[in-house]
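Here are the chains, one letter per residue:
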Amino acid sequence: MREVMPKHPEEKAFVRLHALVRRGYHADLGVQNDAGLIQLEHPRGARAGAPRLVLHPDGLIHGVDNTLALNNREGDPDCIYASDEADWQLFNSFVEGIPQPSFWQEFDAMTVCKVKAIITNYLIILIFGGILILFGEWVFKIVTRH
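First, a word on what this report is: a plain description of the structure on this page. (Residues numbered from 1 in each chain as written. Predicted model: local features only at pLDDT ≥ 70, side-chain atom pairs only at ≥ 80, totals over all residues. Heavy atoms only, no water.)

**Brief notes about the overall build of the chain**
A count of helical and extended segments in the chain gives four helices and five strands. Written out in order from the N terminus, the α and β elements of the chain read α-β-β-β-β-β-α-α-α. Within the span of the chain, comprising 146 residues, buried residues form 30% of the whole. When contacts within the chain are restricted to residue pairs at least 6 apart in sequence, long-range pairs at least 24 apart make up 41% of them. (Helix = DSSP H or I, 4+ residues; strand = E, 2+ residues; numbered from the N terminus. Buried < 20%, exposed > 50% of the residue type's maximum accessible area, 1.4 Å probe, protein only. Contact = heavy atoms within 4.5 Å.)

Structure (structure tokens):
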């Protein structure tokens, strides 16, 4: 899904954050020394074309790994700016090139809360499945007895 430059400047960072998270990046909201920054990390890493990133409040994206040039236009090659439509096209092409994480990488990056929710759901399914099987056996015994 291609992102369009938002009409309101304060939305730039949110639009970019959502696009990167949909492609497998995980946000670390606890960047030390600056509450206005969001650090993003992808399970596949920089070698696969997904470097660690820092998202600024104005939508500027700064590459941390310095292994992949993010910007082939004017300015810092480690940054994707958010000032004009060409910057948004550059951002969209970067996002399209991000590889999807594998199942195991996605599982490894899950939070404890998400893992607990998945385990709880499977336990509920197993318990109700067991109850349904026991009830079915009980009904079968009653029907076949007569």
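**Examining the sheet that holds strand S5 (residues 79-80)**
Taken in spatial order, the five strands line up as S1-S2-S3-S4-S5 in an open sheet, and their pairing is antiparallel. Among the strands making up the open sheet, the edge pair consists of strand S1 (26-28) and S5. Here two bridges tie strand S4 (residues 61-63) to S5, and the two strands are oriented antiparallel to one another. Its bridge partner lying in S5, Ile61 is registered against Ile80. Together, S1, strand S2 (38-41), strand S3 (53-55), S4 and S5 form the strand contacts of helix H1 (residues 12-22), whose direction differs from that of S3 by roughly 150°. (Pairing = 2+ DSSP bridges. Axes fitted to C-alpha atoms, helices over the stretch in contact; angles between N-to-C directions.)

**Points about helix H2 (residues 85-96)**
For H2, built from 12 residues, the straight-helix expectation of 16 Å at 1.5 Å per residue is met to within 8% by its first-to-last C-alpha distance of 17 Å. Those residues of H2 that sit buried are Asp87, Trp88, Leu90, Phe91, Asn92, Phe94 and Val95. (Expected span 1.5 Å × (residues − 1).)

**Regarding the pairing of S2**
Pairing between S1 and S2: three bridges, direction antiparallel. Bridge pairing in S2 links His26 to Glu41. As paired elements, S2 and S3 share three bridges and run antiparallel to each other. Considered in S3, the bridge of Leu40 is made with Leu53.

**Digging into the packing of H1 against H2**
Between H1 and H2, whose axes approach to 11 Å, the crossing angle comes to 20°. Here H1 is positioned roughly parallel relative to H2, judged by the angle of their axes. Along this stretch, H1 crosses H2, giving a crossing that reads as right-handed. Along its contact with H1, which presents Lys12, Val15, Arg16, Ala19 and Leu20, the element H2 presents Asp87, Trp88, Phe91, Phe94 and Val95. Looking at the contact of H1 with H2 residue by residue, the classes come out as seven nonpolar, no polar and three charged. (Parallel < 35°, antiparallel > 145°, perpendicular 65-115°, else oblique. Left-handed = near helix turned anticlockwise from the far one by under 90°. Nonpolar A, V, L, I, M, F, W, Y, C, P; charged D, E, K, R; others polar.)

**Points about the packing of aromatic side chains**
If you walk through the whole model with that rule in mind, you get two aromatic pairs. Arranged with centres 5.9 Å apart and planes meeting at 75°, the rings of Trp88 and Phe91 form a pair that is edge-to-face. Of the two residues, Trp88 and Phe91 are both situated in helix H2; the distance of three residues between them amounts to about one turn of the helix. Like Trp88, the residue Phe91 is buried in the burial classification. Arranged with centres 5.7 Å apart and planes meeting at 35°, the rings of Phe135 and Trp138 form a pair that is tilted. Remark: Trp138 and Phe135 occur in helix H4 (residues 112-145); sequence separation between them is three residues, near one turn of the helix. A relative accessible area of 48% places Phe135 in the partly exposed class. Seen from the ring of Trp88, Arg16 lies directly overhead, with NZ or CZ sitting 4.4 Å from the centre. Between Arg16 and the ring centre of Phe91, over which it is positioned, the NZ or CZ distance is 4.6 Å. (Phe/Tyr/Trp six-rings, centres within 6.5 Å; stacked < 30°, edge-to-face > 60°. Lys NZ or Arg CZ within 6 Å of the ring centre and 35° of its normal.)

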